[in-house]
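# Close look at the chain arrangement
So you can see what is in the structure, the chains are spelled out below.
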Amino acid sequence: MATIRKNKKKRIIIAVVIVAIIAAVSSAIAYTAIRNSVTEVSLYNVGTSDIYETVTATGQVSSGAVKEYKVGAVATVKEVKVKVGDKVKKGDLLATFDTSSFDSQIAQMQSSYNQAKASYNESLAAQKEAKKNLAATKKKIAELEKENKKLQKEANNKKTTAKASSTTRPSVPSTTQPNSANNTNPSITLPSNLPSNLPSNLFPSNPGNVQIDPNVIAGIDINDMEAVMAAVSSTQSKLAANEIMLAAYYAQEQMYSSLASDNLVSAKKELMNTTRGALNSLQDAQQEMAAGWKAAFDGTITECNIFPEEQTSLLANGITLQNMNNKIITISLGEYDIHKVKVDMPAKIKTAYGEYTGKVISKDPVATGGSSSSIIDSVGSSMGISGLSSLTQAGAGVQVQITVDNPDENIIIGFDAEVEISVGEHIGITTVPSQAMVLDKTGSYVFVYNEEEKMVTKTLIETGASSVSEYEVLSGVKVGDKIVVAPQSTFEDSFEARVKEDA
C-alpha cells in the first residue's frame, strides 16, 4: 500500500510540472505576440553638427567681355578689315560703310514721328477739354436730379390731395379717355416758361403737343382718371422736360467719359515713343557706321557676317569681338536657390580638365523661362540637389554670372562647367538627418519618441540651412530628443512603439 501511495504522489507532481510548463510557454507566446504587434522603430539622438551650405548648377563658359556690332539699318559695306580669328587692339578699325541710303530712311521716319507727335498732342488737348466738359455735365446732372426729386415730391403731394378731396369719380369725355383705342397716350401741353437752353432736337416740331405715357412719367394707374388729370399740371410738365434733359446729359456724360479716358491718349503716346525710338536708332546707326566700326577693347574676332560691296542684314550680327583672356560661367537658378546667392560669394568651378576658383560677379534682376522652376528646385533641394531648373527648358530661372580667377587654355569657351557656390557656413547648429524627415505640402515633420510613454508623435519642425544629408532645425525639436530614423508612410500621427535592439 505504501508503494501505491508513492506512485500516485509522483504522478501528481508530474502533472503540476506539466501544467506549469504549459502556462509558461503560453505566457511567452502571448508576450511575443503582443510585442510583435507593437511597431518597431530605430532611433536617432538629435545633436549638433556643422553645415557648409552650397548651391550647385551647370552653366556655359563664355568670354568675360563681348561686343556685338549690329546693323541698325540696311547699308552698303565698303571695307571689312578683319576676319574670324584675328586679334585686334582697342581702337582698331574693323569695317567701313556707305551711309548715303540712311538719309531717305531717316527722313521717312522723321515724318512718321512728326505725325505721331501731332496726333498725340491733339488727343491730349481733346482729353483736357473733355474732362472739363465732363465735370460741367456731371454738375448739371446732379442739379437736375436734385430738382426732379423736389418736383416728384410736389407731384405726389398733389396726387394725394386730389384723391382726398373727392369721393366720386368725375365723368370724363370719351374723347379723352386714356384707355380709348384711339388715344392711348393723352396729350400734355408743356408750359411756355421752359428753360431757354433746352436742346432744340429734344422736342417734336410741335412742342405744345408732346405725347407722354402717364404710366412712365408718374407711375399712375391708367384707369385712375383723377390722378391722370392731376398729373397734367405745370409741375408734372416741368418734371417731364427735366427727364428729357437728363437723358441728353446722360448721353453727353458717356461721350465725354470716353474722350476723357487715358486709353486713346496712351495708345497715341506709345506710337509716338515707338517712332521716336526708331528714329533715334537710325540716327545713331548712321553716325556709328559713318565713322566705321572700331574695336572697343583688345580681343579676338569670333564672328564676321559682312562682306565688301554687299548690303548689311538686319537679322544677323555684323561682327563679334571677344576678350578671350577673361572667362565667365553663366548659370540659371530657380526661386528656391537664387535668394541664397549674393554677389562676391566664392565659388568652385569644375570642368573635364580641372578645377578653378572664382566668385559671383552679377545676377539678373528678373527671371526668364517657364514657371515650373520653384517646384523643380524645391523637390531637388529636399534631395540635396540645387539648380535643377537650370537643366530644363521649361524651368524659369535667374541668370547668375561667375568669373574664373585664373583661367587657362583648358577652360574652353562654349563648353559647360559645373559651379558650386558657397552660400554659408553654419557651425554647431542643431541638425537632423534628411532620412528622418517627412516632407508634405503642410511642412516638414519628424517622429519624436517619448521614452516614458513608449509613444511616437509626428512633430512639425522649422528648418534652416541644409546639406545633402542634414537639415538645420530652428524649432520643433531640441538637442537630446530621440526621433525615428526612416519613418514609414503608413505611420499614424501618434502610436505606441518599441525600440529596435542593436544587433
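Residues numbered from 1 in each chain as written. Predicted model: local features only at pLDDT ≥ 70, side-chain atom pairs only at ≥ 80, totals over all residues. Heavy atoms only, no water.

## Some details on the overall build of the protein chain
For the protein chain, the count of helices and strands is eight helices and 21 strands. Sorting the 503 residues of the protein chain into buried and exposed places 33% on the buried side. Once local pairs closer than 6 in sequence are excluded, the contacts in the protein chain between residues at least 24 apart make up 79%. Of the accessible surface of the protein chain, which amounts to about 30,300 Å², a share of 53% is contributed by carbon and sulfur atoms. (Helix = DSSP H or I, 4+ residues; strand = E, 2+ residues; numbered from the N terminus. Buried < 20%, exposed > 50% of the residue type's maximum accessible area, 1.4 Å probe, protein only. Contact = heavy atoms within 4.5 Å. Areas by Shrake-Rupley, 256 points an atom, 1.4 Å probe, with all protein chains shown as cover.)

## Brief notes about the sheet that holds strand 6 (residues 93–98)
Taken together, the three strands give an open sheet; going across it, the order is 4-6-9, and neighbouring strands pair in antiparallel fashion. Among the strands making up the open sheet, the edge pair consists of strand 4 (76–80) and strand 9 (293–294). As paired strands, strand 6 and strand 9 are joined by two bridges and run antiparallel to one another. Paired with Leu-93 across the two strands is Lys-294, which belongs to strand 9. (Pairing = 2+ DSSP bridges.)

## Here we look at a nonpolar patch on the surface
Residues Tyr-353, Ile-412 and Phe-415 make up a contiguous nonpolar surface patch of roughly 330 Å² in combined accessible area. By relative accessible area, which is 56% here, Tyr-353 ends up exposed. (Patch = residues over 30% accessible without salt bridge, like charges linked within 9 Å, V, L, I, M, F, W, Y side chains within 5 Å. Salt bridge = Lys/Arg side-chain N within 4 Å of Asp/Glu carboxyl O.)

## Looking at the pattern of salt bridges
All chains considered together, the criterion is met by ten salt bridges. Here Asp-86 makes a salt bridge to Lys-83, at a shortest N to O gap of 3.3 Å. One salt bridge in this structure joins Glu-143 and Lys-140, with 4.0 Å as the shortest N-O distance. Linking Glu-143 with Lys-140, this pair stays in helix 2 (residues 102–164), spanning three residues, or about one helical turn. In the salt-bridge network here, residues are joined through shared partners; they are Glu-53, Asp-337 and Lys-340.

## Structural notes on the pairing of strand 17 (residues 443–450)
Summarising burial for strand 17: six of the eight residues are buried, a large majority. Across three bridges, strand 16 (residues 438–440) lies against strand 17 in antiparallel orientation. Paired with Leu-439 across the bridge in strand 17 is Ser-444. Of the pairings in the sheet, the one linking strand 17 to strand 18 (residues 455–466) comprises seven bridges and is antiparallel in character. Note on strand 18: the bridge partner recorded for Asn-450 is Met-455. Where strand 17 hands over to strand 18, the hairpin turn is made up of four residues, of which Lys-454 adopts a positive phi near 55°.

## A closer look at the confidence of the model for the protein chain
The share of residues in the protein chain with pLDDT of 70 or more is 72%, and the mean pLDDT across the chain is 76. Within the protein chain, the lowest mean pLDDT, 33, falls on helix 3 (residues 214–218), and the highest, 95, falls on strand 20 (residues 482–484). Counted against residues more than four places away or in other chains, residues 167–233, with its pLDDT under 50, gives 76 contacts. (pLDDT = per-residue confidence, 0-100.)

## What about helix 6 (residues 262–291)?
In this model helix 6 runs 43 Å from its N-terminal to its C-terminal C-alpha over 30 residues, within 8% of the 44 Å that 1.5 Å per residue would give. Residues of helix 6 that are buried: Val-265, Met-272, Thr-275, Leu-279, Leu-282, Ala-285, Gln-286 and Met-289. (Expected span 1.5 Å × (residues − 1).)

## A word on the packing of aromatic side chains
Counted according to the given criterion, the structure contains five aromatic pairs. Seen in terms of ring centroids, Phe-447 and Phe-495 are 6.4 Å apart; in terms of plane orientation they differ by 50°. Their pairing is tilted. Placement of Phe-447 in strand 17 and of Phe-495 in strand 21 (residues 494–499) is noted, with a sequence separation of 48 residues between them. For Phe-495, a relative accessible area of 9% gives the class buried. Between the aromatic rings of Phe-491 and Phe-495, the centroid separation amounts to 4.8 Å while the plane-to-plane angle is 50°, which identifies the pairing as tilted. Three or more aromatic residues link up through ring pairs in this structure, and these residues are Tyr-69, Phe-97 and Trp-293. The ring of Tyr-69 is capped by Lys-67, whose NZ or CZ atom sits 5.2 Å from the centre of that ring. One Lys or Arg, Lys-458, reaches over the ring of Tyr-445 and ends 4.5 Å from the middle of that ring. (Phe/Tyr/Trp six-rings, centres within 6.5 Å; stacked < 30°, edge-to-face > 60°. Lys NZ or Arg CZ within 6 Å of the ring centre and 35° of its normal.)

## Things to note about the nonpolar core
Formed by 28 residues in total, the largest nonpolar core has its most connected members in Leu-94, Trp-293, Ile-301, Ile-306 and Ile-319. Taken together, the elements giving at least two residues each to this core come down to strand 6, helix 2, helix 6, strand 10 (299–304) and strand 11 (317–333). Sorting elements by how many residues they give to this core places helix 6 first, with six residues. Residues Val-55, Leu-333, Val-398 and Ile-402 belong to the second largest nonpolar core, which totals 22 residues. (Core = buried A, V, L, I, M, F, W, Y, C linked by side-chain atoms within 4.5 Å.)

## Side note on the environment of Ser-475
Checked against the element boundaries, Ser-475 lands in strand 19 (residues 470–475). Residue Ser-475 is classed as partly exposed on the basis of its relative accessible area of 31%. The sequence separation of Ser-475 and Gly-464 amounts to eleven residues, and the corresponding C-alpha distance is 9.6 Å. Apart from the residues lying within four places of it in its own chain, the contact partners of Ser-475 are Leu-460, Ile-461 and Glu-462.

## Thoughts on the side chain of Gln-322
Looking at the secondary structure, you find Gln-322 in strand 11. With near-sequence residues (within four places) excluded, Gln-322 lies in contact with Ser-63, Ala-65, Val-66, Phe-297, Gly-299, Thr-300, Thr-302 and Ile-413.

## A word on the environment of Thr-320
Counting through the fold element by element, Thr-320 comes out in strand 11. Given a relative accessible area of 4%, Thr-320 falls into the buried group. Along the sequence, Thr-320 and Lys-70 sit 250 residues apart, while their C-alpha atoms lie 8.7 Å from each other.

## Observations concerning the side chain of Ser-444
Inspection of the secondary structure puts Ser-444 in strand 17. Among the residues examined, Ser-444 registers a relative accessible area of 15% and is labelled buried. Ignoring sequence-local partners within four residues, the contact set of Ser-444 consists of Met-437, Val-438, Leu-439, Thr-459, Leu-460, Ile-461 and Thr-463.

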